[in-house]
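What the coordinates show
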Amino acid sequence: NTSVLLDSSGSIVTKYRKVHLFTYGWREHEYFSPGEEWQLCPLPGAEELVLGMSICYDLRFPEFYRNMALRGAKLFSVPVAWPAARAEEFELFCRSRAAENRAYLISANYSGNGDGEYNGHSLIVDPHGQVLARGGEGEGLIWTELDTDVFQSRRLFNPLADRRQFLDEIDNNLI
């Protein structure tokens, strides 16, 4: 449950250890220790893009992505093994996390039959939540150009500037 960012020479730039372990069914907590921190890194060769790394089940935690965006993330990477039975949720979460945080999101989904059926459909999503590229059901490659000028232009309304932080505090005694 670790994602690795490599540079163009194949050297490891940074690693992210999955924070949110999937306990239902897979019981990941019995096999893995959770990560304890966000992983943010300027993208090699495009330093103006700060990459926020995540893995699969992290998609179900919008506050995780919001915190990375508040720390400067403009691009999220999300390798997943998302089951075909919940494919609509996968796309919904990818598009939502990108739009909520006005960031690009790239997600590579497993395809094939392992401990279930997985149908691929990897995604690249823009800061408005629009799908720029979508993979097929099998193995494949998708790509698109990312317009980094969108972050400096008035074309991107960013609601994070209007965020009222006092409502973000959660009293864990009330949960």
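Whatever comes next refers back to the structure up there.
Let me begin by describing the structure that accompanies this report. (Residues numbered from 1 in each chain as written. Predicted model: local features only at pLDDT ≥ 70, side-chain atom pairs only at ≥ 80, totals over all residues. Heavy atoms only, no water.)

**Things to note about the overall build of the chain**
Scanning the chain from terminus to terminus reveals two helices and 10 strands. Its helices and strands taken in sequence order, the chain reads β-β-β-β-α-β-α-β-β-β-β-β from the N to the C terminus. Counting only residues that meet the buried cut, the chain has 38% of its 175 residues in that class. Taking the intrachain contacts of the chain between residues at least 6 apart in sequence as the baseline, contacts between residues at least 24 apart amount to 53%. Entry remark: accessible area of the chain is about 10,700 Å², with carbon and sulfur atoms responsible for 49%. (Helix = DSSP H or I, 4+ residues; strand = E, 2+ residues; numbered from the N terminus. Buried < 20%, exposed > 50% of the residue type's maximum accessible area, 1.4 Å probe, protein only. Contact = heavy atoms within 4.5 Å. Areas by Shrake-Rupley, 256 points an atom, 1.4 Å probe, with all protein chains shown as cover.)

**Focus on a nonpolar patch on the surface**
On the surface, a nonpolar cluster with roughly 270 Å² of combined accessible area is contributed by V4, L6 and I12. The residue V4 is located in strand β1 (residues 2–6) in this model. By relative accessible area, which is 41% here, V4 ends up partly exposed. (Patch = residues over 30% accessible without salt bridge, like charges linked within 9 Å, V, L, I, M, F, W, Y side chains within 5 Å. Salt bridge = Lys/Arg side-chain N within 4 Å of Asp/Glu carboxyl O.)

**Quick word on the sheet that holds strand β9 (residues 123–125)**
Pairing is mixed in the open sheet, where six strands are placed in the order β3-β4-β5-β6-β9-β10. Strands at the two margins of the open sheet, each flanked by one partner only, are β3 (40–43) and β10 (131–134). Strand-to-strand, the axes of this sheet are offset by a mean angle of 20°, without reference to chain direction. Judged from the three bridges that link them, strand β4 (residues 46–53) and strand β5 (residues 75–80) form a sheet pairing that is parallel. Note on β5: the bridge partner recorded for M53 is S77. (Pairing = 2+ DSSP bridges. Axes fitted to C-alpha atoms, helices over the stretch in contact; angles between N-to-C directions.)

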